[in-house]
Amino acid sequence: MNKTEDLLAQLNSIVSEGRNPDTLDIDLLSSEAILRKINHEDAQVAPAVASQIPQIAQAVDAIVDKLQSGGRLFYIGAGTSGRLGILDAVECRPTFSVPDDLVQGIIAGGEHAIQFAVEGAEDDREAGVNDVKAVNLSANDVLVGLSASGRTPYVVAALEYANSIGCATASITCNPNSPLMTTAKIGICAVVGPEALTGSTRMKSGTAQKLVLNMLSTASMIRLGKTYENLMVDVNASNEKLRARAIRIVMQATSCERNVAENALKSADNRAKLAILMILTGLPAEQAENLLQEKHGFLRRAVESQQ
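Residues numbered from 1 in each chain as written. Predicted model: local features only at pLDDT ≥ 70, side-chain atom pairs only at ≥ 80, totals over all residues. Heavy atoms only, no water.

The chain carries the name N-acetylmuramic acid 6-phosphate etherase in an unreviewed UniProt entry, which gives Pseudidiomarina aquimaris as its organism. One UniProt comment on the chain, placed under Subunit (unreviewed entry), says "Homodimer." Among the UniProt annotations of the chain, the heading Sequence similarities (unreviewed entry) holds the following wording: "Belongs to the GCKR-like family. MurNAc-6-P etherase subfamily." (UniProt positions renumbered as here; feature names shortened; annotations may be inferred.)

Draft legend 1. Looking closely at the pattern of salt bridges. Summed over all chains, the structure comprises 13 salt bridges. We note a salt bridge from D61 to R223, for which the minimum N-O separation is 2.9 Å. Of this pair, D61 sits in helix α4 (residues 53-68) while R223 is found in helix α9 (residues 204-223), placing the two residues 162 residues apart along the sequence. Taken together, the shared-partner salt bridges connect K226, D234 and K273 into one network. (Salt bridge = Lys/Arg side-chain N within 4 Å of Asp/Glu carboxyl O. Helix = DSSP H or I, 4+ residues; strand = E, 2+ residues; numbered from the N terminus.)

Draft legend 2. Just the domain arrangement of the chain, in detail. The assigned domain composition of the chain is domain 1 (3-224) and domain 2 (227-305). Of the residues lining the interface, eight residues belong to domain 1; the matching set on domain 2 comes to seven residues. In total, about 620 Å² of surface goes out of reach between domain 1 and domain 2, with carbon and sulfur atoms giving 55% of it. Linking domain 1 to domain 2 there are one residue pair in polar contact (both at pLDDT 80 or more). Elements supplying a minimum of two residues to the side of domain 1 that touches domain 2: α5 (79-96) and α9. Here the side of domain 1 that touches domain 2 takes four residues from α5, the largest share from any one element. (Domains from an automatic or database assignment. Contact = heavy atoms within 4.5 Å. Buried area = accessible area lost by both parts, 1.4 Å probe. Polar contact = N/O pair within 3.5 Å; in protein donor to acceptor, adjacent residues only side chain to side chain.)

Given below as structure tokens:
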């Protein structure tokens, strides 16, 4: 069997590459009818993700363990999957005020592939290994491989290397019994079925991967003390919208007036978490900062210790 025949055989066995019997007439429909078909398919995504919550929780526990020990979180993928990983990684920085290198996305073909298709990049196993070596991946880190089909050679090779050095590994795919599921130590597979457009895995499969990524990063950051109640108290107020949000967060967390929130933020160097602690406990900035450090950044623990 040559490479083309082998790939055709693989594609025939991949759930996300199958033809959807419910959308065979999609090219005959009106705009509204097309959208209803797509929306009907999209409604299957959340339940598919829900079925994987135990596995997602295992991945969160692994991520929290490694990040608490000074490690990093990496996502790796090709095409849509790679772009989704980069998106989630980039959003962690302003949302949770984490260092730029704490959560990183790696895509087959490099930065050029974020906007443009790079032919053959997903098939390059050697590049997968080299790209994780380039970021000095170690046993202290977590590598999450993303691939709708679960067969992307670039991602599989990167995970194999990660396993060989003792790195924690997880995978996010939409195809059961795939190489990614057997390679990663923790396999997450949201089976969303065939796409509305055959093989267009930027649709349901992409949505499923995005939901899982949101869950991994958000739950991990909550576990690391980046929130207070359901407020993003570690938000980085780096622009006008975020500065306004920081004021609002302080007001919501403390039920204080706007001027009190603004004054506290000024004293706290625009750090919402510290401003909240100062208001709720009456501590000056330096003492509040010391208390936060003592409680490893967990605002609720710091507040409760003063009650």
